[in-house]
Amino acid sequence: MYKMQRGISPWTLLLTAIGGIIGSGWLLGPLYAAKIAGSGAVLAWVIGGVLMSIIALTFAELATLIPLSGSMVRFAEITHGTFTSFSIAWISWLASLMVAPIEAMAALQYLSTFIPGLVNLSHEHPQLSKLGILVATALMGAMCLLNYYGVKLFNKSANVLSCIKIIIPFIIIAALFIGPFSMHTLHLSTLIPSHLHATFKALPEAGIIFSYIGFSPVIQLAGDAKNPQKAIPFAIISAMILAIIIYSLTQLAFMGSLSPSDLANGYHHLSFKGQSGPLAGLLMNAGLLALLPLIYLQATLSPIGTALIYTASSARINVGMVDNGYMHPFNAKTNHHGMPYGALLVNFIVGMLFFLPFPGWHQMVSFLVSCFVLAYLIGPISCASLRQAMPDLARPFKVPYYRLFTRAAFFICSLLLYWSTFAIISKMMLCLLIGYGYLLWNKGFSAFKTLDLKKGLWLIFYLFSMLIISYLGRYGGMHILKGGSDISAIFLISMISFQWAISQTYSASQSAENFNYHMQSLKG
């Protein structure tokens, strides 16, 4: 079994989490959140952070228990077998490798102020031009090269970039509050919206959830971490708290810095000069030209730093899928630095393909969020399943009241998936079908004998139920389910699916055997 180098310190892991969270969402999210959620935009960032923290804590327990590279791939394999594990692994892999293209798009969208040919602004949302796609591809290639030269170089580059990504936001926030911020355009009483429909819609569509999913590289890099039992919960919890503070203050400063003319047609039609790079546009309009080099430095380094982190973590998912027999062994081939160059190459090629159906940041973010949320279902499921099957295992970190906590996390995942809209959910289902086709092509029809399909029937029931509710619901659907009936239906489906999934957990002896098999890579 493949074994990684444990060279990432707890502080590097924390900076990795922060670097993954503070990316293009900070640069572009405030604009889209204001347009979609209006006065509820600040509240949306707080709600999104709290919801994702609940989900993240289930992974903190699992990753300290199973500190392996690409560990998200292995959780479901231990508790529910091949079908469930492959479904989660496939969608998690697709989501992770899409982050680098998204971050490259964000950097080029800001840089288009100086190089207009990079982005096409004739559409409702900015899209990369042919030149932009070529430059974005070159940036992704550079991220692969940095990771190719190993953990030590990753540590140094990720640490420096993450520190810069923390410092600059606080400088910009302070400048906006001291400069153009005005209570005349922002009344605190309006920050609590009269209805929450738009606020919830903004969570996936404005890039809010996308921003907070940055904790996931910590899970994928667990096998590379020193003292992962303490480092992982420390990194996840600290990073999420800091992120909620940064994003909420940024949104508040952004909205308070808008002029009355910017809001002449309301938040949904918000428009101002330079909005393709919204924070830079506000600074420019406020006459704070001295800070423009700083914001453009952040616009370049912040997305690139996040892309660098996800390029590393997504390669670990490939390695986990090789260990589980889902991918070709080429993906686990390593160089003398211990880095899986096969996975880096495969992910680079597949990542480029996503520029074709999703040429803009806003389009790709909504799809990515639904994929990540589906992958995160396995956190609460496996957490509760292992507590039930192997209660005596020493757990360095435990979520409190796990029966209630894990069910709440599962329900939150369901809500986030529903808010992604029917169009996005249907596309995600198509990607899953493509994945099943790949599995059959890779392993042949003999794979049916080892799929453990019975233990994955709950997932099939859940996916089709969510698709139907989404179609009938009010987020991109037919608006047949409304007035709270859609949320009630999702709660019912979530509880049925969760209980069904727990009932299909492997026996204690089989779970222990699977657990010990995967933990063998920690020996020696």
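Here the structure is shown first, and the text comes after it.
Definitions and cut-offs
Residues numbered from 1 in each chain as written. Predicted model: local features only at pLDDT ≥ 70, side-chain atom pairs only at ≥ 80, totals over all residues. Heavy atoms only, no water. Helix = DSSP H or I, 4+ residues; strand = E, 2+ residues; numbered from the N terminus. Buried < 20%, exposed > 50% of the residue type's maximum accessible area, 1.4 Å probe, protein only. Contact = heavy atoms within 4.5 Å. Areas by Shrake-Rupley, 256 points an atom, 1.4 Å probe, with all protein chains shown as cover. Salt bridge = Lys/Arg side-chain N within 4 Å of Asp/Glu carboxyl O. Phe/Tyr/Trp six-rings, centres within 6.5 Å; stacked < 30°, edge-to-face > 60°. Core = buried A, V, L, I, M, F, W, Y, C linked by side-chain atoms within 4.5 Å. 1 Å grid on protein atoms, 1.4 Å probe; cavity = no way out; pocket = protein on both sides within 12 Å on 5 of 7 lines; lining within 4 Å. Points joined across faces, edges and corners; volume = space filled by probe spheres on them. Nonpolar A, V, L, I, M, F, W, Y, C, P; charged D, E, K, R; others polar. Expected span 1.5 Å × (residues − 1). Bend = angle between axes of the 7 residues up to and from the residue.

Draft legend 1. Quick look at the overall build of the protein. Along the protein, the regular secondary structure elements total 21 helices and two strands. Within the protein, the proportion of its 524 residues that are buried is 63%. Considering only residue pairs separated by 6 or more positions, the protein has 84% of its internal contacts joining residues 24 or more positions apart. Just so you have it, the protein exposes about 18700 Å², and 69% of that area is on carbon and sulfur atoms.

Draft legend 2. Expanded view of the pattern of salt bridges. One pass over the full model with this rule turns up three salt bridges. When the shortest N-O distance is used, the salt bridge between E61 and R395 registers 3.3 Å. On the criterion of sequence distance, the pair formed by E61 in helix α3 (residues 41–65) and R395 in the loop between α16 (378–389) and α17 (402–419) is long-range, its members being 334 residues apart. The salt bridge involving D486 is made with R474; its shortest N-O contact spans 2.6 Å. Of this pair, D486 sits in helix α20 (residues 485–503) while R474 sits in the loop between α19 (457–472) and α20, placing them 12 residues apart in sequence. One network of salt bridges, in which partners are shared, links E61, R387 and R395.

Draft legend 3. Examining the packing of aromatic side chains more closely. Within the structure shown, the criterion is met by 26 aromatic pairs. Relative to Y212, the ring of W45 lies with its centre 6.1 Å away and its plane at 70 degrees, an arrangement referred to as edge-to-face. Pair noted here: W45 is in helix α3 and Y212 is in helix α9 (residues 208–212), with a separation of 167 residues, a long-range link. In terms of burial, W45 and Y212 fall into one category: buried. Aromatic side chains Y110 and Y296 sit 6.3 Å apart centroid to centroid with 75 degrees between the ring planes, which places their arrangement in the edge-to-face category. With Y110 in helix α5 (residues 82–111) and Y296 in helix α13 (residues 292–323), this pair connects stretches of sequence that are 186 residues apart.

Draft legend 4. Representation of the side chain of S248. Inspection of the secondary structure assignment puts S248 in helix α11 (residues 228–256). Beyond its immediate sequence surroundings of up to four residues, S248 is in contact with V42, W45 and V46.

Draft legend 5. Representation of the nonpolar core in the model. Among the nonpolar cores identified, the biggest contains 181 residues, and M52, Y212, F254, I295, M321, Y376 and L416 are the most heavily contacted of them. For this core, the leading source of residues is α5, giving 19 residues. The contact partners of Y212, leaving out residues within four places of it in the chain, are I21, W45, G48, G49, M52, M240, A243, I244 and Y247.

Draft legend 6. Just helix α12 (residues 278–285), in detail. Most of α12 is tucked away: six of the eight residues are buried. All buried positions along α12 are accounted for by P278, L279, A280, G281, L282 and L283.

Draft legend 7. Representation of unusual backbone geometry within the structure. Phi at T421 takes a positive value of approximately 85 degrees, unusual for a residue other than glycine. Topologically, T421 is positioned in the loop between α17 and α18 (422–443).

Draft legend 8. Local environment of empty space enclosed by the protein. Summed over all chains, the structure comprises four cavities of 30 Å³ or more. Reported here for the largest cavity is a volume of approximately 110 Å³. Lining the largest cavity, in full, are S96, L97, A100, M140, M143, C144, Y310, T311, S314, L344, N347 and F348. Among the elements of the structure, α5, α6 (130–148), α13 and α14 (341–353) are those that each provide at least two residues to the lining of the largest cavity. Split into classes, the residues belonging to the lining of the largest cavity amount to eight nonpolar, four polar and no charged.

Draft legend 9. Quick look at α5. Between the first and last C-alpha of α5 there are 44 Å, a value that for 30 residues agrees with the 44 Å anticipated at 1.5 Å per step. The sharpest bend along α5 comes to roughly 25 degrees, located at V99, with the proline P101 sitting one to four residues further on.

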